[in-house]
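Read off the chains here:
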Amino acid sequence: MMKVQVQFLALLLAIVVGMGFIACGNNGQEIETGAGHKRIYSCPMHPQIMRDKPGLCPICGMTLAEKSEHGGSHNVDGLPLLIKPTNAFVLSTVKTTHPKQMDMPMKLHTTGTVGYDLKQTNTVAARVTGRIDKLYIRYRYQPIAKGQKLADIYSKELLTEQENFIYLLENDPENRSIVAAAEKRLLLQGLAHDQVESLKKSRKPLLNIPIYSPYSGHLHELANGAQSSSENMTSMNAAEPQALTVREGMYFEKGQTIFNIYDTQKVWVLLNIYPADAGKISVGQRIALEFDGIKAPPVEVNIDFIEPVLREGNSTITARVYLDNPGRQIKIGTLVRATIEASIEQGLFVPSTALINLGVQDVVMVKENAIFKAKRVQRGIETDGWIKILVGLTEADEIAENAQLLMDSESFIKLEGGKNE
C-alpha cells in the first residue's frame, strides 16, 4: 500500500512540473491586437523562453532581449552575431569616412639627376702637332676661368710659321698682303693677338707657346684624344680617376681634342619616366623640382624634351628639363625629386589607408550596424594619398578610414563567398 502511494505522489509531481513548463512556453505568446501589441522579450540562447517584460532567462540566467516586429532581437549581442565567424566581423569604434566623388588632379612623382647641358660644352683642341712642355692644371673637374693659362706647348710647325713671319717683316715689309696672310696663319694656328704683336716687336720666335682657355667652366679631358659619346659626357662616371691622364712631355696631333670645359651655369635635369607613364607627360608640361641637400622651395619649370628611345641599360624614358644655375649651387649628379601635374581623373576615391592589400585582391572594412565587415573592391590609380575605386563601393557606404587598425595580420580577414587570398 505504501508503495502505491509513493508512485501516485511521483506521478502527481511530474504532472505539475510538466504543466509549469507548458505555461512557461506559452507565456508571452499572447499578442494584443488593435492599437498595438505587447513588448516581447526572449532569451538569445533559448528562444523558446519569451516574456512580456524584461528579466532573466530561467534556464541560463542571460538578460532577455526585446524582439523586433520581424522576430529579430534589438540587441546586437544576441545569437545572430554570436554565431558569425570571428574573422568575418569586427566590433570597433575607429574613425570612419565615406567614398567621395571627386575630380582628382593626377600627379606623377618621379626622380632623376642633374647632368651637364651639352650645349654648354666647349673643347680645347690642338691646332698644330706638338708636345706639352708645361701643364698649369692638375686634376679633373678643376674650375677654369676664361683666359686662364692651361699649358705651354712646343710645335715645330708653329715655330716654322713664326720664322717665316719674321723673315717677311725684315725683308719684305712693304708687301702688306703677304705679311697679313702670314699673320693670319699664326692666329689660326693658336697664337693670340698679343703674342703676334710681341713677335712683331721682338723679332724672336716663341719656343714654348702658352695656351689659354677661351671658356669658363669645369675641366674635363679626353684621354688620347678619344671622343666620348654625349651619353657619357652628360653623366660622368663618378668612379673614374681624378688625376689627369695628360702629362707633361706627351705629344699630340693636329685636331686632337685635349680638354673639354663644361659651363655649369646651365644644366640638364634628366628625369626617369616609366613607359606606362609616358602618355601622361608632354613637352611644355609644368613640373616642380626639389633637389637633394638644397633647402629651398620647389623650382617650377617646363619639360623641354622627351627622348624617343630608351637609353642603353635603362628601362625608363628620359625627359629633359633645362635649368639655369647662375650661382652653380646645383651640383652635377644631384638627385632630384619631381612632381608632374599630369591630368584630371574623375571617379570615386577613398583614402589610401582605407584599403588592405591581400596580394591579388584589395578589401575595405565597411561598417554595418556598429560592426565592420571586409568587402572586396577593385582599385584604380593612386595619387597623393587617394585611391580610385572602380567596383565595390558607393558614396553611401561607411568605411574605416584606416583599415589597418582593424587587423593584426592579413590572415584575420575572411571574405564572404570566397577564400582568403
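Structure first, text after, so check above.
As a starting point, this report considers the structure included with it.

The rules behind the values
- Residues numbered from 1 in each chain as written.
- Predicted model: local features only at pLDDT ≥ 70, side-chain atom pairs only at ≥ 80, totals over all residues.
- Heavy atoms only, no water.
- Helix = DSSP H or I, 4+ residues; strand = E, 2+ residues; numbered from the N terminus.
- Contact = heavy atoms within 4.5 Å.
- Pairing = 2+ DSSP bridges.
- 1 Å grid on protein atoms, 1.4 Å probe; cavity = no way out; pocket = protein on both sides within 12 Å on 5 of 7 lines; lining within 4 Å.
- Points joined across faces, edges and corners; volume = space filled by probe spheres on them.
- Nonpolar A, V, L, I, M, F, W, Y, C, P; charged D, E, K, R; others polar.
- Core = buried A, V, L, I, M, F, W, Y, C linked by side-chain atoms within 4.5 Å.
- Buried < 20%, exposed > 50% of the residue type's maximum accessible area, 1.4 Å probe, protein only.

1. Some points on the side chain of D152
- Tracing the chain through its elements places D152 in strand β10 (residues 149-154).
- Among all residues touching D152, those that are not within four sequence positions of it are R131, I132, D133, K134, Y136, N208, I209 and P210.

2. Considering the sheet that holds strand β3 (residues 65-66)
- On the basis of which strands lie adjacent, the open sheet formed by three strands has the order β2-β1-β3 and antiparallel pairing. Where the open sheet ends on each side, the last strands, each with one partner, are β2 (50-51) and β3.
- Bridge count for strand β1 (residues 41-42) against β3 is two bridges, and the pairing is antiparallel. Looking at β3, one finds that S42 is bridged to A65.

3. Comments concerning the layout of surface pockets
- Estimates place the volume of the largest pocket at around 460 Å³.
- Lining the largest pocket are 23 residues, and of these V124, R127, G190, I211 and Y212 lie nearest its centre.
- At the level of elements, β7 (121-125), β8 (130-135), β10, β11 (209-212) and β14 (257-262) are the ones that each hand at least two residues to the lining of the largest pocket.
- Split into classes, the residues belonging to the lining of the largest pocket amount to 17 nonpolar, five polar and one charged.

4. Let's talk about the environment of P298
- Structurally, P298 is set in the loop between β16 (286-291) and β17 (299-302).
- Taking the C-alpha atoms as reference points, P298 and A338, 40 residues apart in sequence, are found 8.9 Å from one another.
- Those residues in contact with P298 that lie beyond four places of it in its chain are A288, L289 and E290.

5. Side note on the nonpolar core
- Residues L135, I137, F165, L186, L219 and F259 are the most contacted members of the largest nonpolar core, which totals 28 residues.
- Where this core is concerned, the elements lending two or more residues are β8, β10, α3 (156-171), α4 (176-188), α5 (193-202) and β14.
- In terms of residue count, the dominant contributor to this core is α3 (five residues).
- Residues in contact with L219, not counting those within four places in the same chain, are I137, Y139, R140, Y141, Q142, I144, L244, F259, N260 and I261.
- Membership of the second largest hydrophobic core comes to 20 residues, among which are V267, L323, I330 and V336.

6. Structural notes on the pairing of strand β23 (residues 371-383)
- Of the strand pairs in this sheet, strand β22 (residues 362-368) and β23 are connected by seven bridges, and their pairing is antiparallel. Its bridge partner being in β23, M365 is matched across the sheet by A374.
- As defined by bridge partners, β23 adjoins strand β24 (residues 386-391) across four bridges and the pair is classed as antiparallel. For R379, the partnering residue across the bridge sits in β24 and is I389.
- In this structure, the hairpin formed by β23 and β24 is closed by a connection of two residues, where D384 is found at a positive phi of approximately 45°.

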